[in-house]
Amino acid sequence: MAKYIFVTGGVISSLGKGITSASIARILEARGLKVTLMKFDPYINVDPGTMSPYQHGEVYVTEDGAETDLDLGHYERFISASMTRFNNVTTGQIYNAVISRERRGDYLGKTIQVIPHITGEIKDRVKKVADVTGAEIVIVEVGGTVGDIESLPFLEAARQFGLENGKDNVLYIHLTLVPYIKCAEEIKTKPTQHSVGTLREIGIQPDILICRTEKTLSMELKEKISLFCNVRKEAVIEAKDVASIYEIPLVFKNQVLDEIILSHFHLISKFSELKDWEKNVVEKAVNPKHRVEIALVGKYIALQDAYKSIYESLIHAGIFNDAKVVIRKVDSEEIEKHGVKKVLGGVSGILVPGGFGYRGIEGKVRAIQYARENSIPFLGLCLGMQCAVIEFARNVCGLKGANSTEFKRKAKYPLISLLEEQHKVKDMGGTMRLGAYPCKIKKGTLAYRVYGLALVFERHRHRYEFNNKYRKQLEKKGMVFSGICQKKNLVEIVELKGHPYFIAVQFHPEFKSKPDKAHPLFREFIKSALQAK
Ligand code: GLN
């Protein structure tokens, strides 16, 4: 039978529950265990795919084409398990399933209630992930903060799960904040006491507390927390702020958190391997030799989370190239207002990420023109590729009215347009081209040199496609179509002859980059940027 760990959060949101859960998974995987993770999201949306980045941050896409919470990105970056649509459960999905069953008459006349039907469905989902993956440890991150109304059914399900499966098989970890109050020069434990109190009212006694803190916690303080929260003092773990998120598994390992968890489950493992992670990831991330500045020209740059996987991929590429990647976050509308030189002057590389809607597009097109004309390394992702094609058509091929039909329905030259099948789509949720598709790479191209492979699988999330009607015309002027999805003859990768590094892709390589295995497109982008510098 699998062992289960529920991770809850208290006091405030944004304490890093996702990274904490992923780090716990990392140190357990380092002990030779097969680990997987899942995330409960208490909102009513079926998935985050219909939410604005302002509401939700990045939408992370799995190999099987599910639009999920960005924490699944952390999970895949920290451990080897692959996430699927089963690893993210929302209130919307739970109610959807229960209500469809009720409409079919499956409940045979019963009254359908939060307990036991909603909680039952939640528990089934946890078991399903264990069954499908064959994992020995399933870590379940419960979204939201303890005390929220909307996460109550999930916490109740977690409580029942412990009762039904036994203490030896279920463990509860609570992540909390222990704030330092400057004017009093004191570290305060009261919020943690209250948060654990609230959890106990629900019927959950945490076995382990992980305390986010700016300052080191003294033994005395840990003892106090232990006593008031009814948690053994060695299970009060300090999570002090660190320079890189990839250090957190080491912070936990140093406090033998892996051993505490193993002994709770009566598991024995002599195996322990975290040295490579320490040497090849953490040391490189913390002490880089070189420095390079990259502009990310987007529209949601004010939000930390909107381009999460891209920021992390740039960090991974920096780790590989022994460089600190400084990201200049540029709002593309600023380029429209102040001119491209003023905003982008001095950067060694330009990245244009994905996005939706017309706002900010003209600034992105200007940024790409600037990269093309000045031989600045350029990486375009999804919408970034579409803009690169529009720019080339307008400024090199003389097609002045080139555009995407997403932005101009009746564009004179619709370089980017909808496939026939997308015209019929009425529901917006889950109907884009999603998940992994094969892409065949032409030999002798930059893409082939970067990947070193003739066939790759990359993840997608878009509705619009390159319009093949214009392929010949662009090719004649020096654009190379180096990656094609053969089944429908869709353009996946474009690049430019004679430019040191100009490559744009219809997919999202950022979802497959790892700290110890930077994605080739990012890795070579940063390498070229370092050379350009
Ligand atoms: N808006 C574009 C499309 O739907 C690009 C999407 C994206 O960048 N993820 O095709």
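That block above? That's the structure.
We now turn to the structure provided with this report. Note that the coordinates shown come from a computational prediction; the quantities given were computed from them, not determined experimentally. (Residues numbered from 1 in each chain as written. Predicted model: local features only at pLDDT ≥ 70, side-chain atom pairs only at ≥ 80, totals over all residues. Heavy atoms only, no water.)

Counting residues in hydrophobic clusters, the biggest one holds 58 residues, and the most contacted among them are I5, L28, I139, I208, I210, F252 and I261. What L28 contacts, discounting residues up to four positions off in sequence, is I5, L33, V35, I137, I139, D258, I261 and L262. Core analysis: the next-biggest nonpolar cluster, separate from the first, contains 44 residues, V347, I361, A367 and I368 among them. (Core = buried A, V, L, I, M, F, W, Y, C linked by side-chain atoms within 4.5 Å. Buried < 20%, exposed > 50% of the residue type's maximum accessible area, 1.4 Å probe, protein only. Contact = heavy atoms within 4.5 Å.)

What follows deals with the sheet that holds strand β11 (residues 236-240). An order of β5-β2-β6-β1-β7-β10-β11 is seen for the seven strands of this open sheet, with the pairing classed as parallel. Bordering the open sheet on either side are β5 (88-90) and β11, each of which pairs with just one other strand. On average, each strand axis in the sheet is tilted by 20 degrees relative to the strand beside it, whichever way the strands run. Bridge count for strand β1 (residues 3-9) against strand β7 (residues 170-177) is six bridges, and the pairing is parallel. Bridge assignment links V7 to a residue of β7, and that residue is I173. The strands touched by helix α7 (residues 190-202) are β1, β7 and β10 (208-213); relative to β7, the strand with the most contacts, the crossing angle is about 145 degrees. (Pairing = 2+ DSSP bridges. Helix = DSSP H or I, 4+ residues; strand = E, 2+ residues; numbered from the N terminus. Axes fitted to C-alpha atoms, helices over the stretch in contact; angles between N-to-C directions.)

Turning our attention to the pairing of β10. The buried fraction of β10 is high, at five of six residues. Bridging between β7 and β10 involves five bridges; their strand directions are parallel. Directly across from H174, in β10, lies its bridge partner L209. Alignment of β10 against β11, held across five bridges, turns out to be parallel. Across the sheet, the residue bridging to C211 is E238, located in β11. Once the chain exits β10 it traverses helix α8 (residues 219-229) before rejoining the sheet at β11, and the crossover so formed is right-handed. (Right-handed = clockwise from strand over helix to strand, strands pointing away.)

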